[in-house]
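Listed below are the residues making up each chain.
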Amino acid sequence: MSASIILDPTNESRPAQREQLARPASVKGLTVGLLDIVKARGDIYLNRLEELFVAEGAKVLRFRKPTFTKPAPPDLRHEISIQCNVVIEALAD
Amino acid sequence: MKPQLPDGFVAIVKRECATCVMVDPLFAHIAASGASLTVYTQDDPTFPTSVAALHDADLSVSWHYDIETVPTLLRIENGVEVDRTFGWSKDAWQKFTGIADLGADLPVMRPGCGSLSVDPNLEDELRVRFTSSTLHSRHVELASAEDEFESMFIRGWTDGLPVIPPTPERVLRMLTGTTRNPQDVVAIAPPNLVQLTVEKIAINAVMAGALPEYLPWIITALEAVCNDEFNMHGVLATTMPVGPVIICNGPGTKAIGMNSGVNVFGQGNRANLTIGRAVQLTIRNVGGGKPGEVDRATHGNPGKLSFCFAEDEAGSPFGTLAEERGIAPQQNAVTVFAGEGPRCVVDQAARTPEQLTNSFAVCLRATHHPKSVLSFDAILVVSPDHSRVFAEAGWGRERLLSELHARLQIPGAELVRGALDIAEGLPPKFADRIVPKFKAGGILLAHAGGGAGLFSSVIGGWANGAMGSTPVTRPVLS
């Protein structure tokens, strides 16, 4: 049997294309969000990053996901988006 | 759209049917009685000969009025069917028409013939003709020279094995397995959080090689994995080698031919393999969860193609897993567990339940790592040869589980970092404590496998509880 018509098994949606923001030349004066996904020892990595960013003149805000196994809750994502200029997510182990 | 029939008597016949030919003269008799009569013929527009007939050429009337047998005689009042009789029964036709001597010289009874609208050779075509508007998915047209199997690989729609092309005919046939509307949203499918409709599940079920009667099980399994409790997103994204393990319970497992016996986790059973495969294909194609993208497993395991089996309920001294998890007896149900591949527990010497429990305990302790505690659940699948030892000693589920947990209380000195010269472990403060290997309820017990073999099986889990995945059990509805 030659199947001439088949039905699309996918969700048929196209992901929204968003332009990446330009990388800032300097972090001085910017608010940097550090998102801890709560993998083991991610905090050690972020603590060091915080020291480096503060030394560069950035303001640092810390955030945590409830668990690394699930996507960040929408409220947390919104909070980061309105409070920060840039965000760094720590994936560690 | 369902055609409107005129009030009065409506007959559906075909010339090919000897009973229809036999009752042909009666239509003139009915018409002569003053009753309103409309006759539809399925095959030959010149039949019947005693009155003029309308030709149900596209079988629309027959399909929409669910005509299974010809002749069928309907009574329509105010546009609605109020009664029907089919085949030939002198008594029934006389009462139905109110004509006392109708067909007086005919035999008392003759069975009718199959309606063309239920002819197996036409049924798929008719279903497409009359119900394809219920399908909303994009039509993908393949070139005549295109190999449909290769084209599905090229489009990235397979799990690495060939899939059945989901033609409208096949998808509509699959949908006969459920009473649900194709556009019903069953769940929000991770990782892309898209609405998962019955139609999309049916398409992927066709591709997996499933039969319509498996569809309710597939839908239920997808409902069970696509929620925050089971956390299919995390099960996909983890680097650990887990996927949804699907355990089916209830009389329906036998009705659809599932395997709970020999080679229960292995190849060879269509229902077991295609139910699990359909779930994973749906997550891949609709949810967008693909290896190397959101699926980051370091090794994965072959069960991520499909890992689905039925429990051997009849032979179990433990009751059923579904009943243990709150499902009524005899209710079909699906339990999903985020698990790795099965690992064999060999004990061919134990003759007492205590000895066998000791073996189970040491093997369960090794789940993921002998020094790992409380983070992972496990399923212990006990074989008939092993369960007999417990049955003969009068041990049921509760006894076995409590004896197992009692044997899996581990001195912290064996678990702390550095103990056994292994860096992995608990912080030093646990050295003086006793720590359970599994949390309460962390061992699920199931019964399955072939009748010979003093082996059982452990299926290790993934991060448990709210931080990871919790097993989910759901009743299977039609």
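All figures in this text were calculated on a predicted structure; none of them were measured in a lab.

1. Re the overall build of chain A
Of the regular secondary structure elements, chain A holds two helices and four strands. Start at the N end of chain A and walk to the C end: the helices and strands fall as β-β-α-β-α-β. Against the compact-globule benchmark of 12 Å for 93 residues, chain A has a radius of gyration of 19 Å, which places it well outside the compact range. Dimensions of chain A, computed from the C-alpha atoms along their principal axes, are close to 70 × 30 × 20 Å. A burial count over chain A gives 15% of its 93 residues as buried. Pairs at least 24 residues apart make up 78% of the contacts formed inside chain A by residues separated by at least 6 positions.

2. As for the overall build of chain B
In terms of regular secondary structure, chain B is built from 15 helices and 21 strands. Compactness check: chain B gives a C-alpha radius of gyration of 30 Å against a globular reference of 23 Å for 478 residues, more than 25% above the reference. C-alpha extents for chain B along the principal axes are approximately 100 × 55 × 35 Å. Among the 478 residues that make up chain B, the fraction classed as buried is 45%. For chain B, contacts bridging at least 24 residues in sequence account for 75% of all contacts bridging at least 6.

3. What to know about the pairing of strand E16 (residues 376-382) of chain B
All names here are of chain B. In terms of burial, E16 is a largely internal element, seven of the seven residues being buried. Burial along E16 is two-sided: the residues Phe376, Ala378, Leu380 and Val382 and Asp377, Ile379 and Val381 are all buried. Pairing of E16 with strand E20 (residues 455-463), which is carried by five bridges, proceeds in the antiparallel orientation. Note that in E20 the partner of Val381 across the bridge is Ser457. By the bridge criterion, five bridges tie E16 to strand E19 (residues 443-447) in an arrangement that is parallel. Note on E19: the bridge partner recorded for Val381 is Ala446.

4. Considering unusual backbone geometry
Here the amide bond leading from Phe47 of chain B into Pro48 of chain B is cis, since omega sits at -5°, within 30 degrees of zero. Residue Pro190 of chain B is joined to Pro191 of chain B through a cis peptide bond whose omega torsion reads 0°. Within the element layout of this structure, Pro191 of chain B appears in the loop between strand E11 (185-189) and strand E12 (194-197). Positive phi values are uncommon outside glycine, yet Val38 of chain A reaches one of about 65°.

5. Things to note about the interface of chain A and chain B
Taken together, the 16 residues of chain A in the interface contact 31 residues of chain B. Sheet analysis places strand E1 (residues 5-7) of chain A next to strand E10 (residues 139-141) of chain B, joined by three bridges and oriented antiparallel. Residue pairing across strands places Leu7 of chain A opposite His139 of chain B, the latter belonging to E10 of chain B.

6. Describing the domain arrangement of chain B
You can read the domains of chain B as domain 1 (8-118) and domain 2 (150-475). Summarising the inter-unit geometry, the C-alpha centres of domain 1 of chain B and domain 2 of chain B are found 54 Å apart.

7. Thoughts on the sheet that holds strand E2 (residues 31-36) of chain A
Residue and element names in this part refer to chain A. Judged by pairing direction, the sheet is parallel, and its three strands sit side by side in the order E3-E2-E4 without closing on themselves. The open sheet is flanked by strand E3 (59-64) and strand E4 (86-90), the only strands paired with a single partner. Strand-to-strand, the axes of this sheet are offset by a mean angle of 20°, without reference to chain direction. Both E2 and E3 contribute to a ladder of six bridges, which runs parallel. For Val32, the partnering residue across the bridge sits in E3 and is Val60.

8. Things to note about the packing of helix H8 (residues 215-225) of chain B against helix H11 (residues 270-287) of chain B
Residue and element names in this part refer to chain B. Across the interface, H8 lies against H11 with an axial gap of 9 Å and an inter-helix angle of 50°. With respect to H11, the axis of H8 lies oblique. Remark: the crossing between H8 and H11 carries right-handed chirality. Taken together, the residues of H11 that come into contact with H8 (itself represented by Trp217, Ile218, Ala221, Leu222 and Val225) are Ile275, Ala278, Val279 and Thr282. For the contact of H8 with H11, the per-class residue count stands at eight nonpolar, one polar and no charged.

9. Let's talk about the sheet that holds strand E6 (residues 80-86) of chain B
Residue and element names in this part refer to chain B. Read across the open sheet, the five strands follow the order E3-E2-E1-E5-E6; overall the sheet is mixed. The open sheet terminates on both sides in strands that have one partner only, identified here as strand E3 (54-55) and E6. Two strands pair when backbone bridges link them, and strand E5 (residues 72-77) and E6 are joined in this way by six bridges, in the antiparallel orientation. When the sheet's bridge partners are listed, Glu77 is paired in E6 with Val80. Each of strand E1 (8-13) and strand E2 (37-41) touches helix H1 (residues 18-32); the most contacted strand, E2, lies at about 155° to it. Docked against the sheet, helix H3 (residues 90-97) engages E1, E5 and E6, running at close to 155° with respect to E6.

10. Focus on the nonpolar core
Residues and elements named next belong to chain B. In terms of nonpolar packing, the biggest core is built from 94 residues, with Ala205, Ile218, Ala221, Ile246 and Ile275 touching the most fellow members. If we ignore the near neighbours within four places in the chain, the residues touching Ala205 are Met174, Ala210, Tyr214, Leu215, Ile218 and Ala278. Of all hydrophobic cores here, the second largest spans 25 residues; its members include Phe9, Leu26, Phe27 and Trp88.

11. Remarks on the environment of Met1 of chain B
Its location among the elements puts Met1 of chain B in the segment before E1. Expressed as a C-alpha distance, the spacing of Met1 of chain B and His64 of chain B, which sit 63 residues apart in the sequence, is 8.1 Å.

12. Some details on the environment of Ala55 of chain A
Take Ala55 of chain A: it is sitting in helix H1 (residues 42-55). It is 9.1 Å that separates the C-alpha atoms of Ala55 of chain A and Lys28 of chain A, two residues lying 27 residues apart in sequence.

13. Looking at the packing of helix H13 (residues 353-365) of chain B against helix H15 (residues 397-407) of chain B
Residues and elements named next belong to chain B. The geometry of H13 relative to H15 is characterised by a closest axis approach of 9 Å and an angle of 55° between their N-to-C directions. Between H13 and H15, the crossing angle belongs to the class labelled oblique. For the pair H13 and H15, the crossing hand works out as right-handed. For the pair formed by H13 and H15, the contact residues are Thr357, Asn358, Phe360, Ala361 and Leu364 on the first element and Leu400, Glu403, Leu404 and Arg407 on the second.

14. Looking at the environment of Ala440 of chain B
Along the polypeptide, Ala440 of chain B turns up in the loop between strand E18 (434-436) and E19. On a C-alpha basis, the gap between Ala440 of chain B and Ser402 of chain B in space is 9.7 Å, while along the polypeptide they are 38 residues apart.

Cut-offs used in this document
- Residues numbered from 1 in each chain as written.
- Chains lettered and ligands numbered in written order.
- Predicted model: local features only at pLDDT ≥ 70, side-chain atom pairs only at ≥ 80, totals over all residues.
- Helix = DSSP H or I, 4+ residues; strand = E, 2+ residues; numbered from the N terminus.
- Rg over C-alpha atoms; globule rule 2.2 N^0.38 Å.
- Buried ≥ 20, exposed ≤ 12 C-beta atoms within 10 Å, placed from the backbone.
- Contact = placed C-beta atoms within 7 Å.
- Pairing = 2+ DSSP bridges.
- Domains from an automatic or database assignment.
- Axes fitted to C-alpha atoms, helices over the stretch in contact; angles between N-to-C directions.
- Parallel < 35°, antiparallel > 145°, perpendicular 65-115°, else oblique.
- Left-handed = near helix turned anticlockwise from the far one by under 90°.
- Nonpolar A, V, L, I, M, F, W, Y, C, P; charged D, E, K, R; others polar.
- Core = buried A, V, L, I, M, F, W, Y, C linked by C-beta atoms within 7 Å.

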